[in-house]
Each structure stands twice: as C-alpha cells, then as structure tokens.
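# Analysis of the macromolecular model
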Amino acid sequence: MRSALTAILGPTNTGKTHLAVERMCAHSSGMIGFPLRLLAREIYDRVVAMKGLQNVALITGEERIEPPQARWYCCTVESMPIQKEFAFVAIDEAQLGADPERGHIFTDRILHARGREETMILGSESLRPIIRSLLPDAEIISRPRFSTLSYAGAKKLSRLPKRSAIVAFSIEQVYAVAETLRRMRGGAAVVMGALSPRTRNAQVAMFQSGEVDYLVATDAIGMGLNLDVAHVAFVSLSKFDGSRRRRLTVAEMAQIAGRAGRHQRDGSFGTLAGEGSEFTPEEVLAIEGHSFPRLDWLFWREAKPRFNDIATLIADLEKKPHRPGLLPAPKVIDLLVLKRLAELPDVNALIRHPVDVARLWEVACLPDFRQMGEEHHSRFVASLWQYLGQNERVIPQGVYASELARLDNIQGDVDTLSARIAAVRTWTYIAHRSDWLTNPPAMAERARALEEKLSDALHDALRQRFVDKRTSMLLRKGAKDVGLLPVEIQADNRVLVDGEDIGTLQGFAFRVDPAAKAGDRKLLLAAAERHLAAILRQKAKDVSMAEDSEFSLAADGEGKPAIFWKGELLGTLTKGRTLLQPAFAPVKAVSGLEGDALRDITTRAEGWIEAQLAKAMGGIVGLLDLAQQADVDGNVRALAVRLADEGGIAGRHYLADAIAALPKEARGAARKGGIVFGALDIYHHAALKPAAAKWRAALFAARDSRAMPELPPESAVHLKVWNFANASEARNAGYRRIGDEYVRIDLAERVIKKAHEARGQGNLVSMDMAFATSLGISEVGLKALMRDAGFRPAEKAQEAQAGPEPASDAMADAAQGVASDVAPASEPENVQPDAAGEQEAIATEPTVAPAPEPQAVTLTHWRWVGLPKPRPPEQRQHRAKPQHHKTHAAGKPQAKPDRTPVAPKQNAQPSSLALQLAALKGLKL
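Quantities reported herein were computed from a predicted structural model and do not represent experimental measurements. (Residues numbered from 1 in each chain as written. Predicted model: local features only at pLDDT ≥ 70, side-chain atom pairs only at ≥ 80, totals over all residues. Heavy atoms only, no water.)

The next subject is the environment of Arg183. Inspection of the secondary structure assignment puts Arg183 in helix H5 (residues 171-185). Take Arg183: its relative accessible area is 8%, and that puts it in the buried class. Residues Arg183 and Phe466, spaced 283 residues apart in sequence, show a C-alpha to C-alpha distance of 8.5 Å. (Helix = DSSP H or I, 4+ residues; strand = E, 2+ residues; numbered from the N terminus. Buried < 20%, exposed > 50% of the residue type's maximum accessible area, 1.4 Å probe, protein only.)

Attention now moves to the sheet that holds strand E31 (residues 735-738). Pairing is antiparallel in the open sheet, where three strands are placed in the order E30-E32-E31. Sheet topology places strand E30 (718-719) and E31 at the edges, where each strand pairs with a single neighbour. Bridge count between E30 and strand E32 (residues 741-744): two bridges; the pairing is antiparallel. Counterpart to Leu719 in the pairing with E32 is Tyr742. In this fold helix H26 (residues 745-759) packs onto E31 and E32, with an angle of close to 90° to the strand it touches most, E32. (Pairing = 2+ DSSP bridges. Contact = heavy atoms within 4.5 Å. Axes fitted to C-alpha atoms, helices over the stretch in contact; angles between N-to-C directions.)

Within this structure, the stated rule accounts for 15 aromatic pairs. The interplanar angle of 75° and the centroid separation of 4.8 Å between the aromatic rings of Phe724 and Tyr742 together place this pair among those described as edge-to-face. Taken together, the residues span a long stretch of sequence, with Phe724 in the loop between E30 and helix H25 (727-733) and Tyr742 in strand E32 at a distance of 18 residues. The pair Phe724 / Tyr742 is uniform in exposure class, with both members buried. Stacked on the ring of Phe207, the Lys or Arg Arg163 has its end atom at 3.9 Å from the ring centre. The residue whose ring lies beneath Arg642 is Tyr654, and the NZ or CZ to ring-centre distance is 5.1 Å. (Phe/Tyr/Trp six-rings, centres within 6.5 Å; stacked < 30°, edge-to-face > 60°. Lys NZ or Arg CZ within 6 Å of the ring centre and 35° of its normal.)

This next bit is on the sheet that holds strand E7 (residues 118-123). One open sheet holds the eight strands; their spatial order is E4-E3-E5-E2-E6-E7-E1-E8, and the pairing between them is mixed. Whereas interior strands pair on both sides, the edge strands pair on one side only; in this sheet they are strand E4 (64-65) and strand E8 (139-142). Relative to E8, strand E1 (residues 4-9) is paired through four bridges, and the arrangement is parallel. Paired with Ile8 across the bridge in E8 is Ile141. The strands touched by helix H1 (residues 16-26) are E1, strand E2 (30-34), strand E5 (72-76), strand E6 (88-91) and E7; relative to E7, the strand with the most contacts, the crossing angle is about 165°.

A full pass over the atoms with the stated rule returns 47 salt bridges. For the salt bridge of Asp356 with Arg393, the shortest nitrogen-to-oxygen distance reads 3.1 Å. A residue pair is termed long-range when its members are at least 10 positions apart, and Asp356 in helix H12 (residues 354-364) and Arg393 in the loop between helix H13 (374-388) and helix H14 (397-407) qualify at 37 residues. Residue classification places Asp356 among the buried residues on the basis of a relative accessible area of 5%. With a shortest N-O distance of 2.7 Å, Arg604 and Asp548 are connected by a salt bridge. With a gap of 56 residues between them, Arg604 in helix H19 (residues 595-616) and Asp548 in the loop between helix H17 (518-544) and strand E23 (551-555) connect regions that are remote in the sequence. (Salt bridge = Lys/Arg side-chain N within 4 Å of Asp/Glu carboxyl O.)

This brings us to the packing of helix H15 (residues 414-431) against helix H16 (residues 440-466). Running from N to C, H15 and H16 cross one another at 160°; their axes reach a closest spacing of 9 Å. When the axis of H15 is compared with that of H16, the two are roughly antiparallel. Crossing geometry of H15 relative to H16 is assigned as left-handed. A class-by-class count of the residues in the contact of H15 with H16 yields 15 nonpolar, three polar and four charged. (Parallel < 35°, antiparallel > 145°, perpendicular 65-115°, else oblique. Left-handed = near helix turned anticlockwise from the far one by under 90°. Nonpolar A, V, L, I, M, F, W, Y, C, P; charged D, E, K, R; others polar.)

As a further point, take empty space enclosed by the protein. Counting across every chain of the model gives two cavities of 30 Å³ or more. By volume, the second largest cavity amounts to about 30 Å³. Along its surface, the second largest cavity is lined by Thr574, Lys575, Gly576, Thr578, Leu579, Pro582, Leu699, Ala702 and Arg703. Within the residue set of the lining of the second largest cavity, elements represented by two or more residues are strand E25 (568-578) and helix H24 (690-704). Looking at the lining of the second largest cavity element by element, the count peaks at four residues for E25. (1 Å grid on protein atoms, 1.4 Å probe; cavity = no way out; pocket = protein on both sides within 12 Å on 5 of 7 lines; lining within 4 Å. Points joined across faces, edges and corners; volume = space filled by probe spheres on them.)

This part is about the confidence of the model for the protein chain. For the protein chain, the mean per-residue pLDDT works out to 80, and 81% of the residues sit at or above 70. Here residues 916-921 scores under 50 on pLDDT; set against residues more than four positions off or in separate chains, the count is nine contacts. (pLDDT = per-residue confidence, 0-100.)

All right, on to H26 then. With 15 residues, H26 should reach 21 Å at 1.5 Å per residue; the first-to-last C-alpha distance of 22 Å fits that figure. Burial of H26 is extensive: 12 of the 15 residues sit out of reach of the surface. For H26, the full list of buried residues reads Ile745, Asp746, Leu747, Ala748, Glu749, Arg750, Val751, Ile752, Lys753, Ala755, His756 and Arg759. Within two residues after H26, Gly760 carries a phi angle of roughly 60°, on the positive side. (Expected span 1.5 Å × (residues − 1).)

Moving on, we get to the packing of helix H20 (residues 618-627) against helix H21 (residues 634-645). In contact at an axis separation of 8 Å, H20 and H21 are set at 150° when each is read in the N-to-C sense. On the basis of the axis angle, H20 is roughly antiparallel to H21. You can see that H20 and H21 cross each other, and the crossing is left-handed. Taken together, the residues of H21 that come into contact with H20 (itself represented by Ile620, Leu623, Leu624, Leu626 and Ala627) are Val636, Arg637, Ala640, Val641, Leu643 and Ala644.

Structure, rendered in structure tokens:
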C-alpha cells in the first residue's frame, strides 16, 4: 500500500496540530517532530493521557523518555529518530525550512521523513508553491482559521484587556514590562524559550488559572503553544536575529498574533502605545486576511556527509543543492565550530580513522545552550574532545559530577538561575548521548533532578520579582493606575517620572538617581528608558544635522581621544587602517540605539572627523598625495610616506637613510611639497600648527590604544616646567627637549641656523645669542641645544686663528652625515627651511617685544665638531655600553666631546676650507 502524503496548510488557530495528534493516535505507531521542546512536552502530556505513560516517548535534546514498548513519539525536529519505522509521521511548522539556522533540518525531514502508511506536513499557507515543486505527489489541504483575528490598534499598557499576552524581543524588555504590570495589575507570568519545561509550565499555570491576567513572553509563544489569550500586544516590531536588528516579516507577525483567540473565540492584536512601533496598513491587511508572501525556496544541507577526513566532511556540508527550490544553508554554529576545531593541532592529533571524524562531528553538533558564541563554545567543545577522542573515549564520571556540583546552587537572581539552567541543559544533552558517558542513565537522572531543582527556584524568583514584589517607592505615595508613568525631561536634563526626580539624561545615557533604593532602580530605569526612546531618536537627528562648530575633540574620562557634541560624549577614536584614517567607536549608550538613529550619529561623526583631518592635517595628508605623483623622484615619495606615517614630524636620525638616498636635485620637489629639512628634525611646515598638534596627539593615542597626552598652551614656544612622557610625545606636540627644558622645533632650528651662518667657513663661532635668550632658553638649555646640533663651548674667539684641527675619522663621519644639509655654509638652503616652510613656521612664532633700552652684546663662543654619523641599531646599542680599554683600531684615544681638542703640530698649516673639503671627501691632510 502506498503511503499517503498530505500537506495541511493554513494560518494559526486552525487546529492543524490537534488534527495531526488525532491522526497519529489513530495509527498503530507514529511520530511528530515539533519546532520547540516546550511544544513537544505539551503534546507528550496530552498523548500520555490518551495512550498511557508506558506507550509514549518524548525525545528532545535535553530530555529523553523512551519506554521499551513506546509506539508514539513526540520529538523536536532535530531529535527525530528517523532510522525507526512508524506508521505515521508528521512535521509541524514546516515553514521553518526557511530559517537560516535550523532550516536545513526541517527541509531534510520534509524530503525524507516518511510514515509507512501516512505522512503529514503542517505549516503556513506560504509553503504551497515550494511543496508543489518539491513534492508534486503531495495532496495539499487548506485549513481555514476557526476564529477572526482583528487589529485593535495601539493601547497603553494600563488599558490592555485581561487575558492579554505582551510579546517582547529581548530579556530586558520582558523584565521591564513584567515589572510595570506587577505594579499596575498585580503581576504577570513570564514565558521565554530559555526556561525549562518545568518553569514554563508553572508560569503558564499561573496565567491559565487566573492568578495573573497577563502574560509577558518572547516570540517563543508563536510556535504552537496553546494558551487562553484574547489579545496579543507587540512591544516592538523589530528584533535582533543573531546578525542584525531587523523588522519582523509579515509571516512572523502573523505567527505571533495568531496566538490570540481560542478555537472559535475571536482574538485581536496590536502594539503598545508610546513605543514607537506601529503596523503599516499593508501589514494589517495581510495579517487579518492571512495573506503572506509565498516561499519559493528552503534551506538545505547534505544530511549524509562523508567522513573520510575533516576536509571532505566540511566540503560535503558546504555542498550546494542540485534541486530547484533549495538554497545552501548559511553557516550555522555546528559547522563553524567544526572549522575551528579543524584548526587546532590537539584536535587533529586524535583523528586517525573515519570513525574519529564522525565522532568529532557529533561533538561539534553540541548545541550552544548557554549562548556563549562561536569562539567560547568551540573551546568548550574542544575540551570535551580531549576526553571523547582518546583513551576510553568517554567523559570521566568525576568530571561530569563535579560540573553538576558546581551548578547545584539555588541562590541568585533570575538571570543567574537562568544561566545555571542553560549550563545544566548542556550536561543533560551530553547525558543523553549513550556513548559519551560510562553510566548515562544515572548521570541523566542527576542532571534532570538538578534542572528541576533550579527550575523551581527560578519559578519562585519570577513570582517574587514579578508578582509578589513590594510596590515601588513612587506608588507608595498613593498614586494608582498612572498608566505608564509619564516622563518629563527638564531643562537641566533631570528626568521626572510622575513628578518624582529619578535621575538625569547624560548625553544618550540615562543615570538613575543614586539616592534611589536598590529595589526600585530597575523599575525606575525601565520606566524612564521606555519613554526616552522618542527623545533619543530626536537627539540622534539633531546630531546628524548639527554644524561642525558643535563638535569637538577632547579626552574622555579615561583619557582616550573622543568626539563630543555640545559637550556630550558620542564615541572615541580607535586604531584604523592608517594613522590618518582612525576609526570611530560609538560609546555604549549610542551603540545601543536602533537602526537609523545609530547610523545617523556614526555617519555624522565620521564625516566631521574626515573634514577636521583635512583642515588641521591637510599638509600631512598632502604628503600622501605627493607620494602618489608618478613624476616625482622615488626617493622623495618614500620620504613623504615615512614622514606622513610619523604625523608630519620626525627626528633627522630616524630618516637618515631616506635623506642620504635623496639626490640634491630632488630636494626642490620635497620642499615644494612642504617638507622642511632641519638640522635635527624633518617636518612639514604645517605640522607645527596648534590644531595639527592636537589631532596628531589624538591619532597616535588612538593608534597605540593609550591615553591622550595633555598639550602645552598653544602660544607657548618654550617650556621650563612640563612633563612629556618621552621624546616622541614631545615631538608630536612640536617640541624638542634641551636639557630639562623644551623649545618649539622650528625655533630650535632657527637658533641652529644662526650658529651655522655665524661660523661661515670656519669651525669656531662667535655670536650674539640674544634670539635664543629672548625665547627664554636658559644657559644650560642653550648648551644642550648646541651640543645636539654638533657644537661645543669654546674658550675664546682668538682660537680660530690657530686653524681648525684635522678631522678625525669620527668627525669625518659626522661631517659626511650632515654635510648635505647643515655643514657647509656655501649651501645655506640645506640648513634652513625653504622659503615657504620658513614663512609658515615664522607665522606661528610670537613676536618678541624689543627691549626698552639697548643692551650690551654678549658673545658666546662655540666650536663646530659635527654631528655623529647615524649607525645601525645594533652598533648604537653596543656603543651605549662604556668601554674601559683603549681602541686599537683608531690608533689613539678618542677625543672627549666637551673639551676643545688640542691641534697637533704640523709642518704646513692647511686652510680652513681645505680641511672642510677634505673632511667631506674622507681624506686626511
């Protein structure tokens, strides 16, 4: 006899599930696959009442009741024992074949799960085209809804009719609504998918018995849970689906709204007033008329992959379907976990045979009940594999028992108990794997007992929190039925709830009044935040339309570079692709906004950052443009890139190799691009402006994930008391350290330039350093600056008549290292900035007021000894260590740097110019 294949399609409240249960019980054996374990448990209890406990089995991931003579099975779709033969098989809510996470399981059951005598597929009317395509022999029967479902509009929470279910899409929303109902209506039952069947049944019993008149739930009630609900109110019409926040589809809205009404009693649906979510007229018409978009495809994945090796297994699981109407399943967590495990050497070391590959796949399929995410769940699975993949290939009983003992604690709040139950669900699932433990039945019983114990504690905690909890401080004043507690925002950002001051709105974050009692804080926070949604959306629009002048860059409370709008923190700068391309990270209060609000703020902040960088750091950004010009010498382009990566300022020693490789004829292009060649520092002429220094400090702080340093006053050219963390921080601010002081880089170069101009062709300098002293530089600071520039104090100017001393090897190297830019007086353009650069630098230099009376000229005397030649890092590290023996390679002791060397006697005294040229060419005279 040929098996009958029937598809029963229609909206909710059509009795499809009831029909399937009746048909199964009419056969000698049968099995139904349900989308939720809660629904499977509900139907199991109903069939047990009809057929007896010993004849009915219940199989879910965390619960397995399978008497030896069981003939009727109630299962979750994933747990269906399809290897067994049954006279009747049914798949409930088959439209979930389009679900990105579980859809491939439903599709496999639709295609392959068959009863010996009858097979029934239950689902939405939207399945009709795909059923007709994939199963052309199936008889399709439409079931009309028994009652009318109508739109009731938006209602305040205080005006919802009794026997209403309020549906939210986050735990926070569920808690907020339940606490408000506790205050206004005496309490509410709570139903969430994460609850254990025991807790869920206890909560539903409160609602069904009339102990409470309201039920607050997640969308878990949309999958066939039969409740006595007259009205369904949506808190929101959007939800986070694991990857993004999106609006519900019309089919999802109808699935949930369809819970209203029972058998032939009409029901209604709507939204909560004031929450900002409304149904469109098109959505209302579709839900009331049960008219939904047709499904033209289902997700599919290979149900029988090969286990030759891990690579083959992954390839089969990612294989594309060959039949029309099927799409490859998106990457779900079991495949993602398998890929991560395949990358671990400890896991691969235990793979020796296809049997091991198959077992590894079983372990990777462990559900993530704790919602830890791919990374953490993979680590947990890998730890289990160390037991299941070697030795006795079972989890030691001691390890299992210790984990249960750790979870055996009924103390804690609702969230803590829920987390423990989720962990117990994991170990319950493991206990139902017959080959994972030495004594699975005993361990399963221990896990079941612990789950029941924690479930009872969770039910008590829910009752105490949402039913029996004391009234809030606001209502103890005598207010009754004040709706949703009207909220008022005052001019000073104080938030008033029903006239009571409960906190402040700081930027986009609400802060509860610190004086509020602990028991009232969550209620006050929930009441305010639910009504602040519209205000926050308007603030986001104000940010998106704000002028540039309303934004600012400053350090936040932790010192991180941050973007502010009218003094309110929006987010921080973080490391981006390059120094000049930082990323914007919204603060928690801003990132918690939904949809367009978050996008408006992020887009505006990023646009402002880009505009400010172009304005303040335009010259440095121009270096990158210079590096892209094909007609510019390659050495100039390389120098421009390196200087841009340093924010427009770098020590000359850092760029010594790039400068040495730079041809003289190419320097014009570099100067034209704004590069100033100083004796000690190389910089872009615009890099010393205050705005550039501020943004440079922020960019380096963002790149290095550190606090933003405090900058000196913008007008300061000399700092006697300041505390830069290091030389790089000082250079980024535009200053050079000289002794215990700091002077602005461009002015330090001016002092050095004057010294070179004064020495002319000789080595001895006699000059008036009034310019340096007018900047406030002390004698010690001036000595340190001149020393850095290659000068040493001299006794008297007349020593110049004795002629310069022969250049030693060290001095020759120093001269060669700086000759191209600072040594010869005949090349002044190499020791001073180009005209444009110098004018730009001088533009920011404060005007030194002339002295009221002429003062006597005080000459200072210096000897030019040259700059040391840059050496590789390993040589510099070696030279840093003091040497206590004589250097034989040099043939004579090294001259001390701060003493004037004694000129050796010579038969013929060469001229100063001859000595200078010889030093440049590395010759000895």
